[in-house]
2 protein chains.
Amino acid sequence: MTKALKKLRSMKDPADKIRAMADALVRFAEKGENPYLDIPSRTLSNVTFSDRDSIIKLGDETQRRFFFNIGQAKKFMQTYLVASGCSELLKVRKTTSIRDLYYMTKHTIKDAREETFNDQKESDPIIEDLEVALGSLREELNLFASNRGAMVGNMTIWDSGDMINLRKQGSGGWSVPSIVEENVVRFKSCEAKFILLVEKDAVWRRLNEDKFWKKHNCMLVHGQGMAPRGVRRLLYRMVNELKLPLFVFVDNDPWGFYIYSVIKQGSINLAFESSRMAVPSARFLGLSSYDKGKFKLPDNVSISLNKEDRDRAKQILEYPWFQKEEWQKEIKKMLKEGIKLELEALSAKGISFVSEEYLPYKIKNKLWLN
Amino acid sequence: MTKALKKLRSMKDPADKIRAMADALVRFAEKGENPYLDIPSRTLSNVTFSDRDSIIKLGDETQRRFFFNIGQAKKFMQTYLVASGCSELLKVRKTTSIRDLYYMTKHTIKDAREETFNDQKESDPIIEDLEVALGSLREELNLFASNRGAMVGNMTIWDSGDMINLRKQGSGGWSVPSIVEENVVRFKSCEAKFILLVEKDAVWRRLNEDKFWKKHNCMLVHGQGMAPRGVRRLLYRMVNELKLPLFVFVDNDPWGFYIYSVIKQGSINLAFESSRMAVPSARFLGLSSYDKGKFKLPDNVSISLNKEDRDRAKQILEYPWFQKEEWQKEIKKMLKEGIKLELEALSAKGISFVSEEYLPYKIKNKLWLN
């Protein structure tokens, strides 16, 4: 990584970073040099698993993007255009969606018939380039994606000026915003002793209706499948600022295991976020491949693994972060049995089996994987 | 429609309806007759547009499902199984997802190798059969789908025992539950003078951040695309119980027009819900095909209609509920220009153009369609 890039990434305020980026451009122009921008490479070869930190990290490789280069000029211009859009957002203290930013920065270049962007598919990767170059999450650049996921539990939070009592959120819960940085979300009084992240919102709803969070004094979160960035960042902040342990409750299939691993170590695609989103202390509470036998679930709730599942399971078996003996056993058991189970399968034992028996038993007996 | 079916559908309590269904079965058995169940047909030929009520309605055709009939026995059994699952839910006052109900009712039939259900694809249509036979929405049978959509504004609501101040919901808003019946959601103090339903959550978020609902004293709702049943039912209740006018704000494309029409008249697929979900008084606030010219939006934010869009627009042009002159003009204008516009396109005129100029201007000058 170049010295200039390191300096840029070490600055604190995202607006200052963008200004520094712009200043660099002016200096190149004044010196009559070909302006360039260094961007860390977001390629598989530049991703490593750090044993020490137990997270997936981006390496030091960078690529240089020049202005006077036929193959790079357009991307160079687009990078500055997106940066200028973010700068504007930060200045007026407004947030917008990544789709909106595309429309904000799209226009026909003067005296040319070229568009700045032809498609949102062009602007989205530029946003990721900018995130990694600046070392700022897009949420810090005031860009958001769709809201997804919800939370209830023994805590009060401050959200954009409103105090929200998460003990009194009815059936729907507090919708987790896509941006959960300090300027939007602050944690106020919290009695909860742990966090339970549930993959499926239907199961979350069952647990909320049964007031599981009240009985077990916890925070109850769901991410509607793969947890979106907002939920991951929120979990990270809660674990680090409130020192709460995090338990993950996902389907018993390779996809569920993968959701858990992204929460814990980060993902390959977005390795540059890991250090601000991954929670290496996260624990896997279930569904384990051993639960069907342990809890005597009927045979007919299990689903046969298909070829895709088997391939994915074998792939996961090779990941450095699944090399612990207990995880190898867990994944091999799934492959041996040849079946997967959804969280809803627990309902075959009764509507509230999950909240009244399964989860309390697993937590009480510490039946989780690390 | 048979007399027995009419009687069943006219009963008030869903639990009573299911009990009556079960009693009928017992009577058939006692008389030694072949048990049957009448179910209104959910076919296109049984759907009509009622000019008087301005909603799409299910007709009077029914189909008879017998127990002693090789082709119908399984479906007959499944219908009673689903009804028994719902009866259990109503008895213990718990709600569950339609996926959960599938797992609850799935088992191997004693002394046979047959499963009651092989797939959720089998149980979902049975739920719809039951809804239409009983004349009860599945939400009244304590079945829910995923939460989707959110609301903020000048109102306090009661949600499952909690009082929720929708003026203090931060950036995410109150997540609209899938079940919003009287036993789950009640309207308390409401000062708002109208409801604005926004198709896109990103635009909803822009309006929430700009506190549009405060300045214009309204309720701000989004449905994340096509409004889910929970949002539709909530809008219906707010319009009918609170006498609030409803404005719909959708993309300028055939899909946006269709979303508006489902809110207003109901949908063909779920015609049996129309009378409890459709809002014939709903108004279309935008984006109109004339808005690009009226608000001088730049050319490069428009997207060319593809073949699918054109076909869909031509189809919509024929619908009885789009026969008003202004709607014919609106759709033909879209086809003539050959372009569509997303709500986000308004951002080309500035981040807050939508909340500070576009919407206030359209509302003030009553530029809507009925």
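Let us look at the structure shown here. It should be emphasised that the depicted structure is a prediction, and the values quoted were computed from it without experimental measurement.

### Notes on the packing of aromatic side chains
Step number 1: Evaluation of the coordinates by the stated rule reveals 42 aromatic pairs over all chains.
Step number 2: Taken together, Phe249, Phe295, Phe353, Tyr358 and Tyr361 of chain A form an aromatic cluster joined through their ring pairs.
Step number 3: It is arginine 186 of chain B that lies over the ring of tryptophan 158 of chain B; its NZ or CZ is 3.9 Å from the centre.

### Some words on the relation of the copies chain B and chain A
Step number 1: Once chain B has been moved 0.0 Å along the axis and rotated by 180 degrees, it coincides with chain A to within an RMSD of 0.0 Å. Viewed as a symmetry operation, the transformation between the two copies matches a two-fold axis.

### Details of helix α12 (residues 307–318) of chain B
One turn of the α-helix equals 3.6 residues, which is why residues spaced by three or four share an orientation.
Residue and element names in this part refer to chain B.
Step number 1: The end-to-end C-alpha separation of α12 is 17 Å, in line with the 16 Å expected for twelve residues at 1.5 Å each.
Step number 2: Looking only at α12, the buried set comprises Asp309, Ala313, Ile316 and Leu317. Projected onto a plane normal to the axis of α12, the buried residues spread over an arc of 105 degrees and lie on a single side. Turned more than 90 degrees away from the buried face of α12, the exposed residues are Lys307, Glu308 and Glu318.

### Considerations on unusual backbone geometry
Step number 1: Geometrically, the link from glycine 286 of chain A to leucine 287 of chain A is a cis peptide bond, its omega value of -15 degrees lying close to zero.
Step number 2: Looking at the element boundaries, leucine 287 of chain A is found in the loop between β15 (283–286) and α11 (291–294).
Step number 3: Unusually for a residue other than glycine, lysine 211 of chain A sits at a positive phi of about 50 degrees.
Step number 4: Among the structural elements, lysine 211 of chain A can be located in the loop between α6 (201–209) and α7 (212–215).
Step number 5: The exposure class of lysine 211 of chain A is partly exposed, given its relative accessible area of 25%.
Step number 6: One non-glycine residue, lysine 366 of chain B, adopts positive backbone phi at about 50 degrees.
Step number 7: Tracing the sequence through the fold places lysine 366 of chain B in the segment after α14 (353–364).

### Some remarks on the interface of chain B and chain A
Step number 1: Contact residues are listed per partner, giving 55 residues for chain B and 55 residues for chain A.
Step number 2: Of the roughly 4,300 Å² buried where chain B meets chain A, counting both sides, 45% is carbon and sulfur surface.
Step number 3: Ranking the residues of chain B by area buried against chain A places Tyr103, Arg205 and Asn300 of chain B at the top, with a combined share of 16%.
Step number 4: For arginine 99 of chain B, the salt bridge goes to glutamate 342 of chain A, with nearest N and O atoms at 2.0 Å.
Step number 5: Across the contact surface, chain B and chain A share 24 residue pairs in polar contact (both at pLDDT 80 or more).
Step number 6: At the level of secondary structure, the elements contributing two or more residues to the side of chain B that touches chain A comprise α3 (73–91), β5 (96–97), α4 (98–105), β9 (162–165), β10 (174–175) and α6 (201–209) of chain B.
Step number 7: The biggest single contributor to the side of chain B that touches chain A is α6 of chain B, with five residues.

### Some remarks on the side chain of aspartate 201 of chain B
Step number 1: Here aspartate 201 of chain B shows up in helix α6.
Step number 2: Of the side chains with opposite charge, lysine 200 of chain B comes closest to the buried, unpaired aspartate 201 of chain B, at an N-O distance of 8.0 Å.
Step number 3: What aspartate 201 of chain B contacts, discounting residues up to four positions off in sequence, is Ser146 and Asn147 of chain A together with His222 and Gln224 of chain B.

### Observations regarding the environment of aspartate 253 of chain A
Residues and elements named next belong to chain A.
Step number 1: Position of aspartate 253 relative to the elements: it lies in the loop between β14 (246–249) and α9 (254–265).
Step number 2: In the structure, aspartate 253 is positioned 68 residues away from tryptophan 321 in sequence and 17 Å away in space, judged by C-alpha atoms.
Step number 3: Aside from chain neighbours lying at most four places away, what touches aspartate 253 is Met334 and Lys340.
Step number 4: One polar contact links the side chain of aspartate 253 to the main-chain amide nitrogen of glycine 256, over a distance of 2.6 Å.

### A few points about the sheet that holds strand β8 (residues 155–159) of chain A
All names here are of chain A.
Step number 1: A sheet is described by the order of its strands in space; here three strands give the open sequence β9-β8-β11, paired in antiparallel fashion. Edge strands, defined here as strands with exactly one partner in the open sheet, are β9 (162–165) and β11 (185–190). Sheet twist, expressed as the average angle between the axes of neighbouring strands with direction ignored, equals 25 degrees.
Step number 2: Relative to β11, β8 runs antiparallel, the two being bridged by four bridges. Across the sheet, isoleucine 157 pairs through a bridge with phenylalanine 187, a residue of β11.
Step number 3: Sitting on the sheet, helix α8 (residues 229–242) is in contact with β8 and β11, with an inclination near 45 degrees to β11.

### Brief notes about the sheet that holds strand β11 (residues 185–190) of chain B
All names here are of chain B.
Step number 1: Spatially, the three strands line up as an open sheet ordered β9-β8-β11, and their pairing is antiparallel. The open sheet is flanked by β9 and β11, the only strands paired with a single partner. Across the sheet, the mean angle from the axis of one strand to that of its neighbour is 25 degrees, orientation sign disregarded.
Step number 2: Running at roughly 45 degrees to β11, helix α8 (residues 229–242) makes contact with β8 (155–159) and β11 of the sheet.

Analysis parameters
- Residues numbered from 1 in each chain as written.
- Chains lettered and ligands numbered in written order.
- Predicted model: local features only at pLDDT ≥ 70, side-chain atom pairs only at ≥ 80, totals over all residues.
- Heavy atoms only, no water.
- Phe/Tyr/Trp six-rings, centres within 6.5 Å; stacked < 30°, edge-to-face > 60°.
- Lys NZ or Arg CZ within 6 Å of the ring centre and 35° of its normal.
- Least-squares fit on C-alpha atoms with pLDDT ≥ 70 in both.
- Helix = DSSP H or I, 4+ residues; strand = E, 2+ residues; numbered from the N terminus.
- Expected span 1.5 Å × (residues − 1).
- Buried < 20%, exposed > 50% of the residue type's maximum accessible area, 1.4 Å probe, protein only.
- Arc of directions from axis to C-beta.
- Contact = heavy atoms within 4.5 Å.
- Buried area = accessible area lost by both parts, 1.4 Å probe.
- Salt bridge = Lys/Arg side-chain N within 4 Å of Asp/Glu carboxyl O.
- Polar contact = N/O pair within 3.5 Å; in protein donor to acceptor, adjacent residues only side chain to side chain.
- Lys, Arg positive; Asp, Glu negative; His and termini not counted.
- Pairing = 2+ DSSP bridges.
- Axes fitted to C-alpha atoms, helices over the stretch in contact; angles between N-to-C directions.

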